[in-house]
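Listed here are the chains, written in short residue letters.
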Amino acid sequence: MKPTDHPIDKHQIYFCTFLHLLILMTASIQIAFSYLYTFLIAGVVANKRFDKHQVLTLYPTTPEHLSFIQDLENDNNIVDFWSPDDATSVRINEKVDVRFSSAVLGNIKMKLQEQKMDYEVKIANLQQLIDEQLDLKQTRGSKNGSYDYNVYHTYDEIQQWIADTANQYPNLARKSFFATSTERRNVDMLTIGKSTDKPIFLIDCGVHAREWISPAFCQCFINRMLSQYGVDPQVTRMMDEMTWMIIPLLNVDGYEYTWANDRMWRKTRSKYDTFCTGVDANRNFDINWSGEGASTEPCSNTYCGPSVESEPVVKALSDIIRKYKGNIQGYIAFHSYSQVFVYPYSYAYEDTENAAQLNDVSSRAASAIQQTTSKIYTFGPGYESMYLVSGGSKDWAYQMGVPLSYTIELRDTGKYGFLLPESQIDGTCQEMFQAMIMLAEEAITNT
């Protein structure tokens, strides 16, 4: 043996091998947990899958086309109207977005060709879009302990955020109980402002469960108002001159269901001794209830419910508007998608007394958005800018004396539809905040 040689120690070899295996196992476990976490978050709505479901944009140009589309609504399991909400609102020479299940897609396309109706594939594989919606998952969770406003949050997370926000800003934010849902979940409200006795601006988000961008916007709007008070002059004026009553998540049962069971669920989760579940809460208000643009069929996505204000959240919102009648200067229900400022009326081909004012402030708000992010928002009375809707909240609020009453349809115009990626939350918040400045100023000036 040479002087520089050393005998091989078997124990050293075993120990090094063990360390190497331990390192590999640790790395594997970390990767496994990473994939598991990603699956639990990004694949949370895996119970019902939508593999190879497609959203088609149809272009009806004849009465025959219209009849064909209206006949499609008979089966909600294979046909889901995205825009407009139901077949009765479809018009000739206006495009229609409809989701079809993979089971009927081939037959539908063949019939469309037979009908000589033009169409295009807007979304080629819905499940892929669902899987990709949480595209900021690498930043999900807390950022140095702070709440991340650029990702979508579950019901439980939003509830905790409401409580934390009230605790963080005790002089500007007050949490209050708003309603108990059909499935016994709490619906909470945040009232923000320097005082609670100013003219009221009422906002609700998330009345339609699958429209996730709506409650996401509500959260970032509240955060900006609170965090920038005393810093941003416009925010300070808005907080000093108005009391903001905001329900960040109205349809809590439906929203929870979109995370746990069916990403495309729209309605509440109430049951009224019928085969199908849920009511369209935005067809349940006391304004031409069960009229055109609403359905009396329980399986329809636009089911108006068994009676006016049958839904606890609708009753609670209606009670708030009744309670503060005469002091509510502005009301907005945030929805998606289409990028439209919709003002009354939607239930009839009729204009409000202040239609010129509503049109003017909508125009200024849309211009502010375009200057901020270059996004184009259109505007107009509901019967013209969208379609007929009976039993809607904004029409009822206006009838109860709220002069600035809106439904605002957030991003986008259909590329993603209800599945707007997390990476577009921030842009949506930025542009819509500029619009809110215009709407708030109008409310303050005309108080």
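Residues numbered from 1 in each chain as written. Predicted model: local features only at pLDDT ≥ 70, side-chain atom pairs only at ≥ 80, totals over all residues. Heavy atoms only, no water.

(A) Up close: the sheet that holds strand 9 (residues 328-336). Taken in spatial order, the 8 strands make up an open sheet running 5-6-8-7-9-12-10-11, and their pairing is mixed. Since the sheet does not close on itself, it has two edges, and those belong to strand 5 (173-180) and strand 11 (378-381), each with one partner. For this sheet the average axis-to-axis angle between neighbouring strands, irrespective of direction, equals 20 degrees. One ladder, built from 7 bridges, connects strand 5 with strand 6 (residues 186-192); its direction is antiparallel. Following the sheet pairing, S176 is matched in strand 6 by M189. (Pairing = 2+ DSSP bridges. Helix = DSSP H or I, 4+ residues; strand = E, 2+ residues; numbered from the N terminus. Axes fitted to C-alpha atoms, helices over the stretch in contact; angles between N-to-C directions.)

(B) Representation of the nonpolar core within the structure. Core analysis: the biggest nonpolar cluster contains 104 residues, and I203, W244 and F341 have the highest contact counts within it. With 11 residues, helix 13 (residues 425-445) is the single largest residue contributor to this core. Judged by nonpolar contacts, the second largest core, of 18 residues, contains L58, L66, V90 and V98. (Core = buried A, V, L, I, M, F, W, Y, C linked by side-chain atoms within 4.5 Å. Buried < 20%, exposed > 50% of the residue type's maximum accessible area, 1.4 Å probe, protein only.)

(C) Fine view of the packing of helix 5 (residues 155-168) against helix 6 (residues 213-227). Running from N to C, helix 5 and helix 6 point in directions that differ by 15 degrees, and their axes come no closer than 12 Å. By the angle between their axes, helix 5 is roughly parallel relative to helix 6. Here the hand of the crossing between helix 5 and helix 6 comes out left-handed. For the pair formed by helix 5 and helix 6, the contact residues are I158, W161 and T165 on the first element and Q219, I222 and L226 on the second. Residues belonging to the contact of helix 5 with helix 6 are distributed by class as follows: 4 nonpolar, 2 polar and no charged. (Parallel < 35°, antiparallel > 145°, perpendicular 65-115°, else oblique. Left-handed = near helix turned anticlockwise from the far one by under 90°. Contact = heavy atoms within 4.5 Å. Nonpolar A, V, L, I, M, F, W, Y, C, P; charged D, E, K, R; others polar.)

(D) Structural detail: the pairing of strand 7 (residues 200-205). Where burial is concerned, most of strand 7 is hidden: 6 out of the 6 residues are buried. Across the two faces of strand 7 the burial is the same, with I200, L202 and D204 and F201, I203 and C205 all buried. Both strand 7 and strand 8 (residues 243-247) contribute to a ladder of 5 bridges, which runs parallel. Within the sheet, the bridge partner assigned to F201 lies in strand 8 and is W244. Relative to strand 9, strand 7 is paired through 6 bridges, and the arrangement is parallel. Paired with D204 across the two strands is A333, which belongs to strand 9.

(E) Looking closely at helix 6. Taking 1.5 Å per residue as the helical rise, helix 6 with its 15 residues ought to reach 21 Å, and the 21 Å between its terminal C-alpha atoms agrees with that figure. Extensive coverage of helix 6 is indicated by the burial of 12 of its 15 residues. For helix 6, the set of buried residues is I213, S214, P215, A216, F217, C218, Q219, C220, F221, I222, M225 and L226. (Expected span 1.5 Å × (residues − 1).)

(F) Up close: the packing of aromatic side chains. This structure, assessed with the given rule, holds 23 aromatic pairs. Ring geometry for Y149 against W161: centres 6.3 Å apart, planes inclined by 80 degrees, an arrangement best described as edge-to-face. In this pair, Y149 sits in the loop between helix 4 (126-133) and helix 5 while W161 sits in helix 5, placing the two residues 12 residues apart along the sequence. Side by side, Y149 and W161 carry an identical accessibility label, which is buried. A centroid spacing of 5.1 Å and a plane angle of 75 degrees characterise the contact between Y337 and F418, whose relative ring orientation is edge-to-face. Highlighted residues: Y337 in the loop between strand 9 and strand 10 (340-343) and F418 in the loop between strand 12 (404-410) and helix 13, separated in sequence by 81 residues. (Phe/Tyr/Trp six-rings, centres within 6.5 Å; stacked < 30°, edge-to-face > 60°.)

(G) Looking closely at the sheet that holds strand 1 (residues 54-59). Strands sit in the order 2-3-1-4 across an open sheet of 4 strands; the sheet is antiparallel. Strands at the two margins of the open sheet, each flanked by one partner only, are strand 2 (79-83) and strand 4 (118-123). Here the average twist between neighbouring strands, direction ignored, is 30 degrees. Of the pairings in the sheet, the one linking strand 1 to strand 4 comprises 5 bridges and is antiparallel in character. Its bridge partner being in strand 4, Y59 is matched across the sheet by D118. The strands touched by helix 2 (residues 63-72) within the sheet are strand 1, strand 2 and strand 3 (96-100), with strand 2 carrying the most contacts at an inclination of about 120 degrees.

(H) View of the packing of helix 2 against helix 3 (residues 102-115). Two elements in contact, helix 2 and helix 3, have axes separated by 11 Å at closest approach and are oriented at 160 degrees. Comparing their axes, helix 3 and helix 2 come out roughly antiparallel. As for the relative orientation of helix 2 and helix 3, their crossing is right-handed in sense. Between helix 2, through E64, H65, F68 and L72, and helix 3, the contact on the second element is made entirely by I108, K111, L112 and Q115. Among the residues forming the contact of helix 2 with helix 3, the class breakdown is 4 nonpolar, 2 polar and 2 charged.

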